[in-house]
Structure formats: structure tokens, C-alpha cells
Amino acid sequence: MRADQDQPIRLVDYRPSDYVIDTIDLDIILHPTATRVTSRLSIRPNPKGRANAPLVLDGDGLVPVAVTLDDAALDLSTGFATADRLTIETPPQRPFVLIVETRLDPTANTKLMGLYRSGSAYCTQCEAEGFRRITYALDRPDVLSVFTTRIEAARAEASVLLGNGNLVRQGAVEAAEGEDRHFAVWHDPHPKPPYLFAVVGGNLGSIHDSFSTSEGRVVSLGIYVEPGKEPLAAYAMDALKRSMRWDETAFGRAYDLDVFNIVAVSDFNMGAMENKGLNVFNDKYILASPETATDADYAGIETVVAHEYFHNWTGNRITCRDWFQLCLKEGLTVFRDQEFSADQRSRAVKRIADVRTLRARQFPEDGGPLAHSVRPVVYREINNFYTATIYEKGAEIIRMLQLLIGSDAFATGMTLYFDQYDGTAATIEQFIGCFAETSGRDLTQFMRWYEQAGTPVVTATHGYDASAKTLTLDIAQRTPETPGQSEKSPLVMPLALGLVGAEGDAIPLDAVRSDDLTEAERAAGTIELTTAERRIVLHDVPGPVSPSWLRGFSAPVRLISSLTEQDRLTLLAHDSDGFNRWEAAQTLVSHYILDGLTSDEAPDEERLAALLSAFSAVLNGALVDPAFTAQVLNLPSEADLARDVGRDVDPDAIHRRREELRGDIGQTLRTPLLDLYDTLSKPVAYSPDASSAGRRALRNVVLGYLAAGDPMDGARLCAAQFDTADNMTDRMAALGIMTLIPGSKQDGLLARFYAMFERDALVVDKWLAVHAVSPDPTTLDRVRSLMRHPAFSLSNPNRVYSLIGSFASNPTQFNRADGRGYDLVAEVVLAVDAINPQVAARVLNAFRSWRMMESGRRDRAEAALRWIAARNTLSADVRDIVDRSLA
Ligand code: ZN
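Visitor: Whenever I open this one, the overall build of the protein chain confuses me. Can you help?
Guide: Helix and strand counts for the protein chain come out as 28 helices and 32 strands. Its C-alpha atoms give the protein chain principal-axis dimensions of about 90 × 65 × 60 Å. Burial analysis of the protein chain (887 residues in total) assigns 59% to the buried set. The contacts in the protein chain between residues at least 6 apart in sequence include a share of 71% that link residues at least 24 apart.

Visitor: How should I be thinking about the layout of surface pockets in this particular structure?
Guide: One water molecule sets the probe size; rolling that probe over the atoms shows where empty space is left. Looking at the second largest pocket, its volume works out to about 1,000 Å³. Lining the second largest pocket are 33 residues, with Ile9, Arg15, Asp58, Arg132 and Arg140 sitting closest to its centre. Taken together, the elements giving at least two residues each to the lining of the second largest pocket come down to strand E1 (9-10) and strand E4 (55-58). For the lining of the second largest pocket, the element with the most residues is E4, which contributes three residues.

Visitor: Before we go on, may I ask you to explain the coordination of the zinc ion in this structure?
Guide: In a perfect tetrahedron of four donors around a metal, the angles come out at 109.5 degrees. In a perfect octahedron of six, they are 90 or 180 degrees. Only His307 (NE2), His311 (NE2) and Glu330 (OE) from the protein reach the zinc ion as donors, at distances of 1.9 to 2.1 Å. When the donor residues of the zinc ion are listed from N- to C-terminus, their spacing reads H-x3-H-x18-E. For His307, a relative accessible area of 8% translates into the label buried.

Visitor: Would you mind going over the sheet that holds strand E16 (residues 205-212) with me for this structure?
Guide: As a general point, the strands of a sheet are linked pairwise by backbone hydrogen bonds and lie either parallel or antiparallel. Strand order across the open sheet formed by five strands is E16-E17-E18-E20-E19, with mixed pairing between neighbours. Two strands bound the open sheet, and with one partner strand each, they are E16 and strand E19 (272-273). Taken together, the five bridges between strand E18 (residues 259-265) and strand E20 (residues 278-282) define a ladder with parallel strand orientation. Residue pairing across strands places Ala264 opposite Phe281, the latter belonging to E20. Strand contacts of helix H2 (residues 295-310): E18, E19 and E20, with the helix running at about 150° to E20, the strand carrying the most contacts.

Visitor: Would you mind going over the packing of helix H26 (residues 837-844) against helix H28 (residues 876-886) with me for this structure?
Guide: Any two packed helices are characterised by how steeply their axes cross, that is the angle between the axes, and by the distance between the axes. Across the interface, H26 lies against H28 with an axial gap of 8 Å and an inter-helix angle of 15°. The orientation of H26 with respect to H28, classified from their angle, is roughly parallel. The two elements H26 and H28 meet at a crossing, and its hand is right-handed. Where H26 approaches H28, its residues Pro837, Gln838, Ala840, Ala841 and Leu844 are matched on the opposing element by Asp877, Val878, Ile881 and Val882. Residues of the contact of H26 with H28, tallied by class, amount to seven nonpolar, one polar and one charged.

Visitor: Can you walk me through the pairing of E16 in this structure?
Guide: Every regular strand shows the same layout, with side chains that alternate between the two sheet faces. As paired strands, E16 and strand E17 (residues 218-225) are joined by eight bridges and run antiparallel to one another. Bridged to His208 within E17 is Gly222. Between the end of E16 and the start of E17, which pair antiparallel, lie five residues, with Gly216 showing a positive phi angle near 90°.

Visitor: Please clarify how the pairing of E18 should be interpreted in this entry.
Guide: Most of E18 is tucked away: seven of the seven residues are buried. Because side chains alternate across E18, one face comprises the buried residues Val259, Asn261, Val263 and Val265, and the other comprises Phe260, Ile262 and Ala264, equally buried. Taken together, E17, helix H1 (residues 234-251) and E18 constitute a β-α-β crossover, and its handedness is left-handed.

Visitor: In this structure, what is going on with helix H20 (residues 746-757)? I would like to understand it.
Guide: Think of an α-helix as turning once every 3.6 residues; residues three or four places apart then point the same way. In this model, H20 (twelve residues) spans 17 Å end to end at C-alpha, consistent with the 16 Å of a helix rising 1.5 Å per residue. For H20, the complete set of buried residues consists of Gln746, Leu749, Leu750, Phe753, Tyr754 and Phe757. Relative to the axis of H20, the buried residues are bounded by an arc of 135° and lie together on one face. Residues of H20 that are buried make contact with helix H18 (711-724), helix H19 (728-738), helix H21 (761-772) and helix H22 (779-786).

Visitor: Is there a simple way to think about the pattern of salt bridges in this case?
Guide: Note on pairing: side chains with opposite charge can pair once their charged atoms come close. Overall, the coordinates contain 74 salt bridges when judged by the stated rule. Note that Arg132 is salt-bridged to Asp139, the shortest N-O span being 3.0 Å. A salt bridge links Lys241 to Asp209; the nearest nitrogen and oxygen atoms lie 2.7 Å apart. Highlighted residues: Lys241 in helix H1 and Asp209 in strand E16, separated in sequence by 32 residues. When its relative accessible area of 26% is taken as the criterion, Lys241 is described as partly exposed. Counted as one network, the salt bridges with shared partners bring together Asp27, Arg150, Glu152, Glu179 and Arg181.

What counts, and at which threshold
- Residues numbered from 1 in each chain as written.
- Predicted model: local features only at pLDDT ≥ 70, side-chain atom pairs only at ≥ 80, totals over all residues.
- Heavy atoms only, no water.
- Helix = DSSP H or I, 4+ residues; strand = E, 2+ residues; numbered from the N terminus.
- Buried < 20%, exposed > 50% of the residue type's maximum accessible area, 1.4 Å probe, protein only.
- Contact = heavy atoms within 4.5 Å.
- 1 Å grid on protein atoms, 1.4 Å probe; cavity = no way out; pocket = protein on both sides within 12 Å on 5 of 7 lines; lining within 4 Å.
- Points joined across faces, edges and corners; volume = space filled by probe spheres on them.
- Donors = N, O, S within 2.8 Å, 3.2 Å for Na, K, Ca; no water.
- Pairing = 2+ DSSP bridges.
- Axes fitted to C-alpha atoms, helices over the stretch in contact; angles between N-to-C directions.
- Parallel < 35°, antiparallel > 145°, perpendicular 65-115°, else oblique.
- Left-handed = near helix turned anticlockwise from the far one by under 90°.
- Nonpolar A, V, L, I, M, F, W, Y, C, P; charged D, E, K, R; others polar.
- Right-handed = clockwise from strand over helix to strand, strands pointing away.
- Expected span 1.5 Å × (residues − 1).
- Arc of directions from axis to C-beta.
- Salt bridge = Lys/Arg side-chain N within 4 Å of Asp/Glu carboxyl O.

Okay, structure coming up:
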């Protein structure tokens, strides 16, 4: 155990490093079990650090072989170099050179941090603290060095040798008798922290292309994959080129090296990693063909390729001073990739998808025991802070900033940030300071978004006085308590507002009279809430209106409004803001289902009829924008509904009510649904583009309703669609819907699917997941038996996430009343923890909302957590999550 695992790391304790390392020259001789790393560090005292301080280099499980300081060998037997650190008590107070040789076993590295093997290839993962598993270093993001890396390997084992930066030399290794060995030397001229270091070696296939930057640089692009999979990387290459162009036009950022390489590996803890000039990817975010990848997979590839590429400026050229500033690169880069995808596809549909993700992943985190601020002030294990809060809420904060100060001040602020902090390790204050400067605004209150955890609740009421022709708007905000943070202050938030008349007519904000709105608010149609409460009286409002609150989801809050059912129907039919049309449908459905949960009476026929007629109108206009319609028709998920319930959740009741409604829709609207299904079934050549994907999405939502309305006919349609599909989206949708139809021939279809794709691990993942998300009570036992299936492995993160992660997101089966769902996930967490703590901790996050359940389930979830917590051999990763979950 590392000593620092016991002591939490605090933001207030930050101080600059006492030493800096100007250059790091590495010589890495790859070997499956005995790789040798020689690291030559040129070190000098940091003028900003303490004089005469000891030099303490970080290590993690290292085996030191030899150390010299300015050519003098140091005696290892004195114990100055342990597995976890290398200490020089009185280093020279001038520049000096430390050369350290370590030996490591990449094959034994199952944590997938540091240097490890994926299949027969070698690869590295250094963020956040993996470099110290390769060699000793000042492994912190504010120590930037120029890296030169020599990699050597047997040609038979690794014909491809890749590093950061530009290739400067390669050739045969002379001395090797009878053995065909070779080497490559890579030099990265851009100083960087160790977390951005990477090497890759292996017998990999590749595709190549080139890109001419706006600055006239010709960049060689390469994507490296398992041999034979080269054609599957074509879409990723296309996405890469589009990303490079977009960053030039949208942010004025051009690429800065002659080479940009991506390597896809099958064993990877997360999505991908932005190592300078050498991104390493989970292969699920690179490999795609129409037969094997769904439209969602294509969209994911586009987003992740863009995200990692955009890190070149937001993360690499400007990095983070310390890990508390993680959202400086992650929130900003998510914002950038969201904007990219919005430009490449449909903006409204992208916004809906992003808000769905925020609500599904960030809101539960923010509302449970793992809540933390977007810039945390303390952590025990940094790996556990790559969270939806840092990424997604971090992106929302930047979106709000853009709305508050306007696009122009935002754009000049970004440019100022790039100019002023290029080559440095920056802080959130420095970033926000740029926008304070270009907007001339005081952003002190805005900083609270980084400091305060919890999802703010905004209450908005409206009242129309027909005789005075006034509309009174009352807005209030309150942020709930979160762990360690009971006091909350009001935030500054942009509330985009529209007024929609009873006939659907838009009433622009700058057309009404009010002393309570500023000119800027009136012009932008966006209210700035800075206080706990605010009243706005609008005069000369000709008739009753429905306020369209929070257009485009302009702030990451939970909105409780006084909108009536009729208001929401009006907004669904007429709002010019696509997001709020979708939102109106979501809330109508949620209220209908939730009200049904609390009363034992039969569903309110009149309300149901109104809802069905609204859905019928949506179906009539379905083909105007199929992708958008698919989102509107998509009911809030069971997890969404559980969050709306908020406490004492009974997931079975939610499931039943939601299924009833789906059945009602499928039966009542059967004719228009069938028509739409037929219209959308006309054969067209497959293309993964957004509009084709939108038509498939709509057709598959419709198929789901048809099956809900008439299961036996639905099963027939699913079987037919499965057989005739020429793409994975349609095939997978048919399979997924079939597994929801009790008594259908789902097992036969599942078996056929497996037989078709058993050689493709990424498709096998879909097959595992489709079992795991079934609401059928046999799911738990099926998941248990799939854990013994040859295709499953506890040491591959993608397999674990697909089978166990999916099961843990299954509302009724993870949350079984008998507690067996919790027990299964707890068992897997412990088993995986011994192999890969980071993955175990991620799976354990499934318990983040356990306190929201009704008391029986709550007790069983707590028992499972306590059972984990009782182990004294837990990793720091799992210990941290389990302790916070129970606190
Ligand atoms: Zn990132």
C-alpha cells in the first residue's frame, strides 16, 4: 500500500514542485516479462520551490536495477529507491542528471495502468498516475518535460514501434546475434507532463492518410489496429480529419506535429486517451462496419475521436496544474466535442442526447453519496474522479458561460486563454479570468458552479392576470445539501425563456414591457438568475401564455414549474425550441406515470386520451425530422422515472406502469404506427450519416410500440426485421425488442445472433448486454451462467462493463426485492478488484442511488455494501467508493 492512500490529497495543500525535469530520455527494451527501462532525467531545483528540499520521485511497484547521479553509481542497498519512491535527501542545488534503470513485467500487469499487454501488443496508459508504474518521475501534471523515447523490440514480436511526437530514427539493432531486433526513436518537442506519455509496440495493421493544416503543415495520420481489422478503421479516420478541420474553423486551433497516430486496443479501462501525438483507444471507439456497429456506435466513434483530438489543445498544449483542475481539460473538451457533433449532425437532437446522458449519469451522482463539486477539494483516489460530474457537468458550466457572456466574448476569451496559457499547467481561475477580461464581467459568483456540488432545484411559477394583462413570473433556486457541504449560496444561471400563446404564437421577450428585465436579458431572451428569488412582472401581455422555461436546457438544474398539463401540450405542439418540445413530452409522460403510481384507481381516461392524441399528432409530423421524432416518442427511462419519484422507489411498480402506457400507445395508435413502420421500411442503401440514422431510430422506436401493443405480431415483425437487416442498428433493435416479448422465440434469435458474430468480441459485448438488461426475473441466473461462458472474462473491461455494468443498470433486476442483484454485483466487484481496481470501482458506482430505494431494497443494498467494506484487502479505488457510499 502506498502511504498517500491513507492520507487524502487536498487542494489547499498544493505547492509547486521543488524540482523540475527539463528532459526525459527513455530507452525501453520491450520484453513480455522483463522489459528494461532506462530513464535519463535532467533535473534542476525549481526557482518556485523550496531550496535544499529532498528530491522524492514517485514510483508504483517498481523494481530498481541501477541508479546514477551525475555518473556516480548510488548504492541501492541503502534503500533510497523502493517500489513506491526514490528519495535523494540532499540533491545538488544545480542542474544534475539522474539515470535510473528499472525492470518490469508487462504481462503481469492486469490493472491496465502503466506498461501492459493487450493481446500480443504492448501499450501504455499513464493518466492519471500510471507513468510511475514504468519508471520513477515527478508524476504530477505541473512538471513538464521534453521526452525522447527509444523503443527496442524483437521484430517478430513488435514490427511496429510508436511513441509521442515525431519519428527521428529507426533501424536494426546491430549487436543482437542471430536475433532480428530493431528500434525506433521518437522525439516530442512539446514539453508535457508524464501522464501524456505513451509507447506502443506490436504486430499491428494500419491505415494511413494525410491532412494539410491551415498553417500549411502536412500531417501523416495513422490508425493502428489488430491485423485484418484495417477496413474497420475507415470511419474513425474520416472522423479524425473532420475533427482536425473543425478545430481550425471553430476554435482557430491547428495541429502541431508532423504525425498523428491512433492505436486501437481491446483491453482498456476507459474510452480513450489523448497521449501527445499517439492517442490510444478502446477499440470499440475505432472499429465499425455497418454489419457490426450500430448508429450509436458510429456516433460514439465520431465523438470520442474528436474528444481525444481536441485534447491536443485543451489538455496537452495547456494542461492542468493539479488533478483538482481535471475539469479544466475534461469539461472543456466535452463541451468542444459536443459542439463538434452538434455541427456535424442535428443540434437539437444532439442537445437532447447530451441532456439525457447528463440526467442519467450526472444527476444521480450529484444527488447521492458520491456527490462532489466539479472542482473537488479533496480526494483519496484520483482514478475515481473521472466522473460524469467532472466531464458532463463541467461541460454544462462552459455552455452556461457562453450563454451568459455571449458568443463573441466567449470566443475572444478562448483565444486569450490559448495565447496566455499555451505551454503551461493552468487552473480554473486562470481560465475563467480570461472570460472576465473579455466580457468585462465579474465572474466571482460564477465560480460557485465549480465549488458547489448538488443539482440546483429551480422553481418557476407563472400567473396571468387577464384584467391587468400582466404575467407574473416567480423564480427561485435552492441547492440541496451534499456530503460535506451543507451551506449553499445562490448561483448565477442563464434561464432561456420563451412565451408561447394559447394558439401557439410566439411572444418575443423584447415585445413586452417590463421594468424587471435588463435590456440584455430582453434582447437575448435569457434571464439571469443571481439571487435565491426573483420576481418579474411583464405588462401588455395580450392573453394567457405558456412559459417555455429553460430553453435548450440552458442550465444544469432540476426545474419544477407551475406549467399545467394544457401548457405542456401547447409547448409540445408549438414551441419553437426543439429541446422544450421534447421536454414537454417527457414531463407529460412522467407526470402521468407518477400519478398512476400513487393512486390505486384505474388510469385517468381523459388524461390518457390527451396524451395519446398528442402522440398521434407527433406521429403525423414524424417524417419532418425523424431523428427528433424518435427522441420525442422515446419515453423517459425507468431510471428517469425513478429519479422523478425521488424516494422509496419501487422499480417494479414503475416498470409495470411504463409498460402499460407503452401497450396503450401501441394499441391505440396501431394504424399510424404500422403505416410509419412500412414507410420507413423501404429499402435504401446503408449510410451511417445522421439523417439515415434518424430514420432507423424512428423505425425502431415504432417497432417497439408495435410489439408493446401486439406482442405476437411484434415478434413476427422483429424476426422479419432481424432476418432482412443489412446493418447492426436494425438487427440489434429487433433482437432487443424480441427479448422483451415473453414467450417469444427470443432464445433462438439470441443463439443465431451469437453464431453469426461469435468471432467479433465487440458484437459479443452487445449479445452479453442484451441478456443483462432484460426485465425478466430469470435475468440474474442467466447473467450468472454467462459469467461462465467462454466469451466472458473478468479481466477484460469491455466484457465486464457489457455484462455486469449493463446488469447493474437494469432497474428491476439489479434492484431485485430479494437483494440477489446487489449480491451478484458485489461479488463481481470483489473478484474484479483483485485484477483491475479501476474497473471494480467503476462497477461499484452502480450503488450510487441505493438510498433512494424503498426500505427493503435499501437494507439489502446496504448489506451488500457493508459486505464489501468488511474486506481488508480492498484496493484504494474500491475502498474509496465503498466508504463514501456508506458515509
Ligand atoms: Zn478527455
